[in-house]
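Per-entry structural report
If you want the building blocks of each chain, they are given just below.
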Amino acid sequence: SQQGEEDPQALSIQEGENATMNCSYKTSINNLQWYRQNSGRGLVHLILIRSNEREKHSGRLRVTLDTSKKSSSLLITASRAADTASYFCAPLNQGGKLIFGQGTELSVKP
Amino acid sequence: DTEVTQTPKHLVMGMTNKKSLKCEQHMGHRAMYWYKQKAKKPPELMFVYSYEKLSINESVPSRFSPECPNSSLLNLHLHALQPEDSALYLCASSQLSGWYNEQFFGPGTRLTVL
């Protein structure tokens, strides 16, 4: 499978702590995207990192990409209860398709 | 308008029914997508339309029939579904299919097949 594999599958932290989610994939990619999904709802695009980029920031989000290891990480700093959601990495393969990983279920306790 | 809308929000249908899911966007995007998502699983790509033409069909059973009447609308016609087809059906759009494009998702239609 080309899909991203995510680790951990579930993560529970206290408000104010940082949350780190990791993603690995198997094939060459054009870019890698991260999405958030609140329970039973549509996905929201968080950040896109291109294959020639190593790190990208957006607000409290920091994404890294290591194409030699075929891995990416998403760091959410100073987490809030509203960050509670499922987070999916989605490598965009050379065929132009997003292949979603299994997701990390993040729970941020107030 | 940066929204993708989907109707209906919920749909319950029998195995002999015919129904349609609708998706609309007014962002001028030329690529539109249907995904299926089962509980606690990632979205799975079903179909991609690029410039109103079907460009990707992920070997979806013929009881699912997509249609793109114009660049803003995407339909998914359902006929003779099975209970295992019960899922959240998500529509998405992007500026162009493929490279460097984030996808904008609708809220989904929760489908239950009895």
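Our structure's up above, just so we're on the same page.
Residues numbered from 1 in each chain as written. Chains lettered and ligands numbered in written order. Predicted model: local features only at pLDDT ≥ 70, side-chain atom pairs only at ≥ 80, totals over all residues. Heavy atoms only, no water.

**A closer look at the overall build of chain A**
For chain A, the count of helices and strands is zero helices and 10 strands. Its C-alpha atoms give chain A a radius of gyration of 13 Å, near enough to 13 Å, the size a compact globule of 110 residues would have. C-alpha extents for chain A along the principal axes are approximately 40 × 25 × 20 Å. Sorting the 110 residues of chain A into buried and exposed places 49% on the buried side. At a minimum sequence separation of 6, the contacts of chain A that also span at least 24 residues come to 54%. Of the roughly 5000 Å² that chain A leaves accessible, carbon and sulfur atoms contribute 43%. Positive and negative side-chain charges in chain A, numbering 13 and 10 respectively, have mean positions lying 6 Å apart. (Helix = DSSP H or I, 4+ residues; strand = E, 2+ residues; numbered from the N terminus. Rg over C-alpha atoms; globule rule 2.2 N^0.38 Å. Buried < 20%, exposed > 50% of the residue type's maximum accessible area, 1.4 Å probe, protein only. Contact = heavy atoms within 4.5 Å. Areas by Shrake-Rupley, 256 points an atom, 1.4 Å probe, with all protein chains shown as cover. Lys, Arg positive; Asp, Glu negative; His and termini not counted. Charge placed at Lys NZ, Arg CZ, Asp CG, Glu CD.)

**Details of the pairing of strand β2 (residues 10-13) of chain B**
Residue and element names in this part refer to chain B. The two faces of β2 differ: Leu11 and Met13 on one face are buried, but His10 and Val12 on the other face are not. The sheet contact formed by β2 and strand β11 (residues 109-113) spans four bridges and is parallel. Across the sheet, the residue bridging to valine 12 is threonine 112, located in β11. (Pairing = 2+ DSSP bridges.)

**Let's talk about the interface of chain A and chain B**
With 23 residues of chain A at the interface, the matching set in chain B holds 21 residues. Of all residues in chain A, the largest losses of buried area upon contact with chain B belong to Leu43(A), Lys97(A) and Phe100(A), amounting jointly to 26% of the total for that side. In this structure, the connection of chain A to chain B is made through two salt bridges. Of the charged contacts, one joins Glu105(A) and Lys40(B) as a salt bridge, the two residues approaching to 3.7 Å between their closest N and O atoms. The interface formed by chain A and chain B includes five residue pairs in polar contact (both at pLDDT 80 or more). When contributions to the side of chain A that touches chain B are tallied by element, the ones reaching two or more residues are β4 (29-37), β5 (43-50) and β9 (85-93) of chain A. Across the side of chain A that touches chain B, the residue classes break down as seven nonpolar, 12 polar and four charged. (Buried area = accessible area lost by both parts, 1.4 Å probe. Salt bridge = Lys/Arg side-chain N within 4 Å of Asp/Glu carboxyl O. Polar contact = N/O pair within 3.5 Å; in protein donor to acceptor, adjacent residues only side chain to side chain. Nonpolar A, V, L, I, M, F, W, Y, C, P; charged D, E, K, R; others polar.)

**What about the environment of Gln37(A)?**
Here Gln37(A) lies in strand β4. Judged by relative accessible area, Gln37(A) falls into the buried class, the value being 6%. Along the primary structure Gln37(A) and Phe88(A) are separated by 51 residues, whereas in three dimensions their C-alpha atoms are 7.9 Å apart. With residues near it in sequence (within four places) discarded, Gln37(A) still touches Gly42(A), Leu43(A), Ala85(A), Ser86(A), Phe88(A), Gln37(B), Leu88(B) and Leu90(B).

**Re the sheet that holds strand β1 (residues 4-7) of chain B**
The pairing of strands in a sheet comes from backbone hydrogen bonds and takes either a parallel or an antiparallel form. Residue and element names in this part refer to chain B. In spatial order, the strands read β1-β3-β8-β7; together these four strands make up an open sheet with antiparallel pairing. Here the strands that pair on one side only, and so sit at the sheet edges, are β1 and β7 (64-70). Looking at each pair of strands side by side, their axes are set apart by 20 degrees on average, direction ignored. Examined bridge by bridge, strand β3 (residues 18-25) and strand β8 (residues 73-79) share seven bridges and lie antiparallel to one another. Across the sheet, the residue bridging to lysine 19 is leucine 78, located in β8. (Axes fitted to C-alpha atoms, helices over the stretch in contact; angles between N-to-C directions.)

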